[in-house]
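Observations on chain architecture
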Amino acid sequence: MIVNNSKLKSEDEKFLISWSMKKLLWLRVLYVILGLISIGLGINKLVNENIMELSFFVVGVIFIFFVFYLKVMAKKAFRKNSYLDTEYSYQFGEDNVLMKAISHNASGTSEMTYDFFDFYYVSDSSLYLKAKGKRYFYVVNNDGYESGSVDELMKLLEGKVIRK
């Protein structure tokens, strides 16, 4: 059995926000395209008809503003939905994972089989297990092992969860 105690760190926050931003890439590209088209239509109307149509420029600027604001929204959503003050204890067995979460005002225990996870990703500081059908990651810090190691956990996850 592999036992790990973890807590979200700033590196974990950066990874999770960048992962969210990659998922929103198509939306960001769409907003840039729509913004440039709107600004282009405004310039075209100004050049051809000598009429300054501010609505095209305003709409274009709003679309481009949302491209930058999406990252701010992702950070706010992460901080709102994450439990930065929660400590997690994981027990990885042969068939399942027992997770205990303890915060200053509540605690809980969950037992999950390995088919609950979609994939896992390994960074220098943590291993991230993504829950299937959800936008949630379980973060396992590399420096929190009471028994076992990152390599042993990756061997255990081999064939049970896809590595990305």
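Note: the structure precedes this text.
Our subject in this report is the structure included herewith. Because the structure is a prediction, the values reported are computed rather than measured.

Okay, helix α2 (residues 25–49) next. Between its first and last C-alpha atoms α2 spans 36 Å; for 25 residues at 1.5 Å apiece the expected length is 36 Å, and the two agree. Of the residues flanking the end of α2, it is asparagine 50, one or two places downstream, whose phi is positive at about 55°.

As a further point, take the pairing of strand β2 (residues 87–92). Note: strand β1 (residues 2–7) against β2, 6 bridges, orientation antiparallel. Paired with lysine 7 across the bridge in β2 is glutamate 87. As paired strands, β2 and strand β3 (residues 96–102) are joined by 6 bridges and run antiparallel to one another. Note on β3: the bridge partner recorded for serine 89 is lysine 100. In this antiparallel pair of consecutive strands, β2 and β3, the connection spans 3 residues.

Another aspect to go through is the pattern of salt bridges. Per the stated rule, a full pass over the model turns up 3 salt bridges. The closest approach of N and O atoms between lysine 9 and aspartate 143, which form a salt bridge, is 2.7 Å. Taken together, the positions of lysine 9 in the loop between β1 and α1 (10–23) and aspartate 143 in the loop between β7 (137–141) and β8 (145–147) put the pair 134 residues apart, joining distant regions of the chain.

Now for the sheet that holds β2. Taken in spatial order, the 5 strands of this open sheet run β4-β3-β2-β1-β8, and their pairing is antiparallel. Edge positions in the open sheet fall to β4 (107–113) and β8, since each of these has one partner strand only. Averaged over neighbouring strand pairs, the angle between their axes works out to 15° when direction is ignored. Its contacts with the sheet put helix α4 (residues 150–157) on β1, β2 and β8, and the angle it makes with β1 is roughly 110°.

Mapped onto the secondary structure, threonine 86 falls in the loop between α3 (54–81) and β2. Residue classification places threonine 86 among the buried positions, given a relative accessible area of 5%.

Okay, the sheet that holds strand β6 (residues 126–131) next. Read across the open sheet, the 4 strands follow the order β7-β6-β5-β9; overall the sheet is mixed. Because the sheet does not close on itself, it has two edges, and the strands there are β7 and β9 (162–163).

With that out of the way, let us pick up the environment of threonine 113. Position of threonine 113 among the secondary structure elements: in strand β4. Among the residues examined, threonine 113 registers a relative accessible area of 41% and is labelled partly exposed. Put simply, threonine 113 and phenylalanine 68 are 45 residues apart on the chain and 38 Å apart in space, counted from C-alpha to C-alpha. Not counting chain neighbours up to four residues away, the residues in contact with threonine 113 comprise Asp95 and Asn96. A distance of 2.2 Å separates the side chain of threonine 113 from the side chain of aspartate 115, its partner in a polar contact.

Turning to the environment of isoleucine 62, a few remarks are in order. Looking at the element boundaries, isoleucine 62 is found in helix α3. Among the residues examined, isoleucine 62 registers a relative accessible area of 41% and is labelled partly exposed. In sequence terms isoleucine 62 and leucine 34 are 28 residues apart; their C-alpha atoms lie 9.8 Å from each other.

A separate point is the packing of α1 against α2. Following both chains from N to C, one finds α1 and α2 inclined at 55°, their axes separated by 4 Å at the closest point. Taken together, the axes of α1 and α2 lie oblique to each other. Every residue of α2 that contacts α1 at Met21, Lys22 and Lys23 is listed here: Leu25, Trp26 and Arg28. Residues of the contact of α1 with α2, tallied by class, amount to 3 nonpolar, no polar and 3 charged.

Calculation criteria
Residues numbered from 1 in each chain as written. Predicted model: local features only at pLDDT ≥ 70, side-chain atom pairs only at ≥ 80, totals over all residues. Heavy atoms only, no water. Helix = DSSP H or I, 4+ residues; strand = E, 2+ residues; numbered from the N terminus. Expected span 1.5 Å × (residues − 1). Pairing = 2+ DSSP bridges. Salt bridge = Lys/Arg side-chain N within 4 Å of Asp/Glu carboxyl O. Axes fitted to C-alpha atoms, helices over the stretch in contact; angles between N-to-C directions. Contact = heavy atoms within 4.5 Å. Buried < 20%, exposed > 50% of the residue type's maximum accessible area, 1.4 Å probe, protein only. Polar contact = N/O pair within 3.5 Å; in protein donor to acceptor, adjacent residues only side chain to side chain. Parallel < 35°, antiparallel > 145°, perpendicular 65-115°, else oblique. Nonpolar A, V, L, I, M, F, W, Y, C, P; charged D, E, K, R; others polar.

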